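# Descriptive structure summary
The primary structure of each chain is shown beneath.
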Amino acid sequence: MGQMGDCYEAAAKLMYDRCLMNPECGLVLVHGEVMGQGPIEGVTYGHAWVLDGSTVIDRSNGGNVILPIQLYYSIGKIDQINNVHTYTWDEARRKLVQFEHYGPWDLNTETGL
């Protein structure tokens, strides 16, 4: 999970690639507050990822993290922080047009990051 990276863009582009020609793709875009790891341990910040059923896909910073939702949410303390916004493809598409950027759209974090 990377801070100050391209997570919002990477997650939105994954949704676009998988859902544009298949609006019933079932993927969910998530903008949420996560707990940092490594050098930013203890710092919460906004992050974006995609849910495919019970699997998280995180393509931020050139990566391709694919983990079970329980593990990903545990690592990032996402359930403990409990600050997430989810978007279906239709909702995400509308937000992209409305705001003209990849996000975050509705997420406010404690740190402002």
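Residues numbered from 1 in each chain as written. Predicted model: local features only at pLDDT ≥ 70, side-chain atom pairs only at ≥ 80, totals over all residues. Heavy atoms only, no water.

### A few points about the state of the cysteines
A full pass over the atoms with the stated rule returns 1 disulfide. A sulfur-sulfur separation of 2.0 Å characterises the disulfide bridge that pairs Cys19 with Cys25. As the torsion about the S-S bond is roughly 80°, the Cys19-Cys25 disulfide counts as right-handed. The same class applies to Cys19 and to Cys25, which are both buried. Looking at Cys7, it has no disulfide partner, and the nearest cysteine sulfur is the one in Cys19, 18 Å off. Owing to a relative accessible area of 4%, Cys7 belongs among the buried residues under this scheme. (Disulfide = S-S within 2.5 Å. Buried < 20%, exposed > 50% of the residue type's maximum accessible area, 1.4 Å probe, protein only.)

### Considering the pairing of strand β3 (residues 55–58)
Alignment of strand β2 (residues 44–52) against β3, held across 3 bridges, turns out to be antiparallel. Residue pairing in the sheet places Asp52 in a bridge with Thr55 of β3. Once β2 ends, the chain turns through 2 residues before running back antiparallel as β3, passing Gly53 with a positive phi of about 65°. Across 4 bridges, the pairing between β3 and strand β4 (residues 65–68) is antiparallel. Directly across from Ile57, in β4, lies its bridge partner Ile66. (Pairing = 2+ DSSP bridges. Helix = DSSP H or I, 4+ residues; strand = E, 2+ residues; numbered from the N terminus.)

### Concerning the side chain of Thr109
Position of Thr109 among the secondary structure elements: in the segment after α4 (89–99). Exposure remark for Thr109: the relative accessible area of 16% places this residue in the buried category. Within the local environment of Thr109, its side chain forms a polar contact with the backbone oxygen of Leu113, the two atoms lying 3.0 Å apart. (Polar contact = N/O pair within 3.5 Å; in protein donor to acceptor, adjacent residues only side chain to side chain.)

### With respect to the pattern of salt bridges
Counted according to the given criterion, the structure contains 4 salt bridges. Close ionic contact of Arg94 with Asp90 constitutes a salt bridge, the shortest N to O distance being 2.9 Å. With a gap of 4 residues between them, Arg94 and Asp90 both fall in helix α4, about one helical turn apart. Judged by relative accessible area, which is 54%, Arg94 ranks as exposed. Ionic contacts of the salt-bridge type, sharing partners, join the residues Asp90, Arg93 and Arg94 into one network. (Salt bridge = Lys/Arg side-chain N within 4 Å of Asp/Glu carboxyl O.)

### Some points on the sheet that holds β4
Strand order across the open sheet formed by 5 strands is β4-β3-β2-β1-β5, with antiparallel pairing between neighbours. Looking along the sheet, the strands with just one partner apiece sit at the ends: β4 and β5 (84–87). Sheet twist, expressed as the mean angle between neighbouring strand axes with direction ignored, is 30°. Against the sheet, α4 touches β1 (28–35) and β5, its axis set at about 100° to β5. (Axes fitted to C-alpha atoms, helices over the stretch in contact; angles between N-to-C directions. Contact = heavy atoms within 4.5 Å.)

### A short note on the nonpolar core
By size, the foremost hydrophobic cluster in this structure holds 17 residues, and its most contacted members are Met15, Leu27, Leu29 and Val50. Secondary structure elements with two or more residues in this core: α1 (7–19), β2 and α4. It is α1 that provides the largest number of residues to this core, a total of 6 residues. The contact partners of Val50, leaving out residues within four places of it in the chain, are Ala11, Leu14, Met15, Leu27, Val28, Leu29, Thr55, Val56 and Ile57. The next biggest cluster of nonpolar side chains, apart from the first, holds 9 residues, and it includes Val30, Trp49, Val56 and Tyr73. (Core = buried A, V, L, I, M, F, W, Y, C linked by side-chain atoms within 4.5 Å.)

It is worth stressing that arrangement in space is one thing and function is another; only the former is reported here.
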